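Okay, here's what each chain looks like letter by letter:
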Amino acid sequence: MKGNKNSFKQLLWLLALGMLFSCAVKPPVKIAFLGDSITIGSGLENANEECYPSQFNELLQEKFGDQYVVNNFAVSGRTMLRHGDRPLWNEPQFTSALEFKPDVVYIMLGTNDTKPQNWDEFGNEFAIDYQAMLDTFKVINPDVQFILAFPPPAFKVQWGIRDSVIVNGVNPALDVLIRKNKTYSIDYYQPLKNSSNLFPDAIHPNTEGAKEMATLLYDFFIHSTLNK
């Protein structure tokens, strides 16, 4: 009988220990990246590994292990504008991002929105559509946090992309959205404005440029209250 009692006590102890351990282990924080060709890594030899979200993820993994899960839902050429020529809203990747139910949503859109057929016609809808995207993710997860990114400069007019609209249209709209929603933000414009050498086609970063963007994001992230 004594042996049975001891075995039963040991079983209870193991069950209690297992319950404590399961409570102590937090699920990984899910981070979703939404963006365009800059974020997906267009022009890079190995975009899956060299794009800045992947390099950012590598830095996170080195320091925190499996505490974070990063998924990249960017699509080349896409706009925030729902009346733009190629809205991200219409892509299966956007649906997948919603199904991912992220804890943190990072958004860098606006570069393709500066094209004449987009901004000149519908630029006044940019902030409205951006707010709608934030609200959509809030429905999926009311506790979601956002990082809104100021795009890097367009070093010349390319494919209709205009730096003047980034400066005078996209970035001021982001300023308002960040204050209104009290979101986090990351600025690539000012730190990279003298780094045209990192953007061979004037729009997309090379591997070194993507590394610089990843480092800027990582330094921001680990010093923010997101990493608490």
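## Points about the pattern of salt bridges
- Across all of its chains, the model carries four salt bridges by this definition.
- Here E91 and R78 are joined by a salt bridge, their closest N and O atoms 3.1 Å apart. Highlighted residues: E91 in the loop between β2 (68-72) and α5 (92-100) and R78 in the loop between β2 and α5, separated in sequence by 13 residues. Summarising the burial analysis for this pair, E91 and R78 share the class buried.
- Ionic pairing is found between D120 and R162, a salt bridge with its closest N-O pair at 2.9 Å.

## Description of the packing of helix α4 (residues 52-64) against helix α10 (residues 207-222)
- It is the contact of α4 with α10, at a shortest axis distance of 8 Å, that shows an interaxial angle of 45 degrees. With respect to each other, α4 and α10 are oriented oblique. α10 is crossed by α4, and the crossing has right-handed handedness. Between α4, through Y52, Q55, F56, L59, L60, K63 and F64, and α10, the contact on the second element is made entirely by T207, A210, K211, M213, A214, T215, L217, Y218, F221 and I222.

Definitions and cut-offs
Residues numbered from 1 in each chain as written. Predicted model: local features only at pLDDT ≥ 70, side-chain atom pairs only at ≥ 80, totals over all residues. Heavy atoms only, no water. Salt bridge = Lys/Arg side-chain N within 4 Å of Asp/Glu carboxyl O. Helix = DSSP H or I, 4+ residues; strand = E, 2+ residues; numbered from the N terminus. Buried < 20%, exposed > 50% of the residue type's maximum accessible area, 1.4 Å probe, protein only. Axes fitted to C-alpha atoms, helices over the stretch in contact; angles between N-to-C directions. Parallel < 35°, antiparallel > 145°, perpendicular 65-115°, else oblique. Left-handed = near helix turned anticlockwise from the far one by under 90°. Contact = heavy atoms within 4.5 Å.

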